[in-house]
Amino acid sequence: MWGLVLVRVQKRHTSIHRVRQGEQLSFALITPKRHSLTGGIIARLLATPELQFVGARMLRPSAKLTDEFFLEMQRAAHEDGVIDPYEDTFLKAYPTIFGEEELKESGVANHTMLLLFAGGAQTRQVLADVVGANVPNPNDFGKTIRGTYGDYFKDRTGKINLFQPAVVVPPSDESNRRCLEVLAKYLDSDHALRTINAEERNQPLGWAKQTGLVMIKPDNLERPSSLPGHIIDLFGTTGLQLIGARVFCMRGMEFYGFLENVFVKKLKPNLEEAMKQRLASAFEYEVTDQDYAKMADVVINRHARCEVAKIIHYMTGVHPDDAKTDELFRKPGPAKCFALLYRGDNAIEIIRSKLGVTDPKKARAGTIRSDYGHDLMRNGAHASDSPEGALRERRIVGLMGDEPSEEKAVILEWLHASSAPLSRQ
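Since this is a predicted model, take the numbers as computed values, not measurements.

Cut-offs applied
Residues numbered from 1 in each chain as written. Predicted model: local features only at pLDDT ≥ 70, side-chain atom pairs only at ≥ 80, totals over all residues. Heavy atoms only, no water. Pairing = 2+ DSSP bridges. Helix = DSSP H or I, 4+ residues; strand = E, 2+ residues; numbered from the N terminus. Axes fitted to C-alpha atoms, helices over the stretch in contact; angles between N-to-C directions. Salt bridge = Lys/Arg side-chain N within 4 Å of Asp/Glu carboxyl O. Buried < 20%, exposed > 50% of the residue type's maximum accessible area, 1.4 Å probe, protein only. Parallel < 35°, antiparallel > 145°, perpendicular 65-115°, else oblique. Left-handed = near helix turned anticlockwise from the far one by under 90°. Contact = heavy atoms within 4.5 Å. Nonpolar A, V, L, I, M, F, W, Y, C, P; charged D, E, K, R; others polar. Expected span 1.5 Å × (residues − 1).

(A) Region of interest: the sheet that holds strand 10 (residues 241-249). As summarised here, the arrangement of the four strands in space is 10-11-9-12, forming an open sheet in which the pairing is antiparallel. A strand with exactly one partner marks an edge of an open sheet, and here the two such strands are strand 10 and strand 12 (381-383). Between one strand and the next, the sheet's axes are offset by a mean angle of 20 degrees, whatever the strand orientation. As judged from the eight bridges shared by strand 10 and strand 11 (residues 336-345), these two strands associate in the antiparallel manner. Its bridge partner lying in strand 11, Gln 241 is registered against Arg 343.

Written out as structure tokens, the structure reads:
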């Protein structure tokens, strides 16, 4: 039955989050020049109990997005009253932080990661408290994200002429609505993957760069936790460029259904050995290896299906046996995953080396699975095993770059539900 259902699976993706009455949606933008610190920043944000992590998208901000966003932040600062000189420096840094220009030290275009959070009426304020003040504050050092990861530069007179905030969050509820409206306008056109896909089509044959998919597994996301950020931090030591991000709920049969045929071949020797150990004393006569092989043949298909079902249950939150209709097979489960794309020379092998082997007990010390894995299934993260596998998995999780933005849909739904003014453009 599973095979028939798999053929009919649709390619449409369902939104990760449905807006609830009375909740507030807010955002954080991780600035491009702090990408090496992305993991640590995410660790602090996701460990905050009041914040529900509902979306992520990597942007390559255009001049239009940068200008409109800057104007909204500038308007918010003026509405708050007198602008502190540091505040003015912070605002003037925006075009540089999010501009289209290449980063001279790395040759990599500016990218910024958008993170969406939902929660109670104080969600934006909680974000602001975790991130810290817009201006350098000695009392924040080590306590807030900006106090830890932000930076500023003084000229010879002692005047601060550049402030790197590490993270940008809206300073007021009204600016939160207006900035979300601006972001929603550009989430499709300024998706980082769209630009990268266009660049890659113009590369010569034999171009060495690869794109690998990493998927942080649901048990790391089922409650507020810093673990996803720590895992991302370790991937950040590879030197690969983080180019894509998405929070999603998986349709397990589409992603893992093919494993049933793989497991029929792969698991048969293990099944035979298990039968020998458990049945050795059950008979008063000799049972040969050929007998055990024949017994394994009888149940191997059911055994393989059972193992796949365990994986699907873990990754989606729904056991396949509980899905009684084709529609239930097509729908994503409630469990949440966090997918990331890394790009660079030999990216697939580098990612898998940093991740470690499947069994955390056998993984090399210092790898992600050795540090954060529990067993063969709950082993921290999944990584694509080949360029072809990465392409297949990207299509399934919705990280090809041409999909409509679900983050935009969530923002627009919240703006409508909260009676925020929507742009006519």
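That covers the picture; the talk isn't over yet.
(B) Just the pattern of salt bridges, in detail. Scanning the entire structure with this criterion turns up 16 salt bridges. The partner of Arg 178 in a salt bridge is Glu 72, and the shortest N-O contact between them spans 2.7 Å. Of this pair, Arg 178 sits in helix 8 (residues 173-186) while Glu 72 sits in helix 3 (residues 63-79); the two residues are 106 residues apart in sequence, bridging distant segments of the chain. Residue Arg 178 is classed as buried on the basis of its relative accessible area, which comes to 11%.

(C) Spatial organisation of the packing of helix 8 against helix 19 (residues 406-417). Orientation of helix 8 relative to helix 19, taken along the N-to-C sense of each, is 140 degrees, at an axis distance of 10 Å. Relative to helix 19, the element helix 8 is oriented oblique. Classified by chirality, the crossing of helix 19 by helix 8 is left-handed. Contacts from Asn 176, Arg 177, Leu 180, Glu 181 and Ala 184 in helix 8 reach Lys 408, Ile 411, Leu 412, Trp 414 and Leu 415 in helix 19. Residue composition of the contact of helix 8 with helix 19, by class: six nonpolar, one polar and three charged.

(D) Structural detail: unusual backbone geometry. Backbone geometry places Ala 166, a non-glycine residue, at a positive phi of 70 degrees. By the element assignment, Ala 166 lies in the loop between strand 7 (160-164) and strand 8 (167-168). In this structure, Asn 346 takes a positive phi of about 55 degrees despite not being glycine. The topology assignment puts Asn 346 in the loop between strand 11 and helix 16 (347-355).

(E) Up close: the environment of Asn 220. As for its position among the elements, Asn 220 is in the loop between strand 9 (209-216) and helix 10 (227-235). For the pair Asn 220 and Cys 337, spaced 117 residues apart in the sequence, the C-alpha separation amounts to 8.6 Å. Once residues lying within four places of it in the same chain are set aside, the contact partners of Asn 220 are Ser 225, Leu 227, Pro 228, Ile 231 and Gly 380.

(F) View of the pairing of strand 5 (residues 112-119). Among the eight residues in strand 5, eight count as buried, and that is most of the element. Neither face of strand 5 is left uncovered, since the one carrying Thr 112, Leu 114, Leu 116 and Ala 118 and the one carrying Met 113, Leu 115, Phe 117 and Gly 119 both have all their residues buried. Note that strand 1 (residues 24-30) and strand 5 share seven bridges and pair antiparallel. Considered in strand 5, the bridge of Phe 27 is made with Leu 116. As judged from the seven bridges shared by strand 2 (residues 52-59) and strand 5, these two strands associate in the antiparallel manner.

(G) Spatial organisation of the packing of helix 2 (residues 38-46) against helix 10. Look at helix 2 against helix 10: their axes get within 7 Å of each other, and the N-to-C directions meet at 175 degrees. For the element pair helix 2 / helix 10, the angle class is roughly antiparallel. From helix 2, Thr 38, Gly 39, Gly 40, Ile 42, Ala 43 and Leu 46 reach across to helix 10, where they touch Pro 228, Gly 229, His 230, Ile 232 and Asp 233. Here the residues of the contact of helix 2 with helix 10 sort into five nonpolar, five polar and one charged.

(H) Highlighting helix 19. For helix 19, spanning 12 residues, the distance from its first C-alpha to its last is 16 Å, which sits close to the expected 16 Å at 1.5 Å a residue. Within helix 19 the residues assigned to the buried category are Glu 406, Glu 407, Val 410, Ile 411, Trp 414 and Leu 415. In this fold, the buried residues of helix 19 make contact with strand 1, strand 2, strand 5, helix 8 and strand 10. Of the residues flanking the end of helix 19, it is Ser 419, one or two places downstream, whose phi is positive at about 60 degrees.

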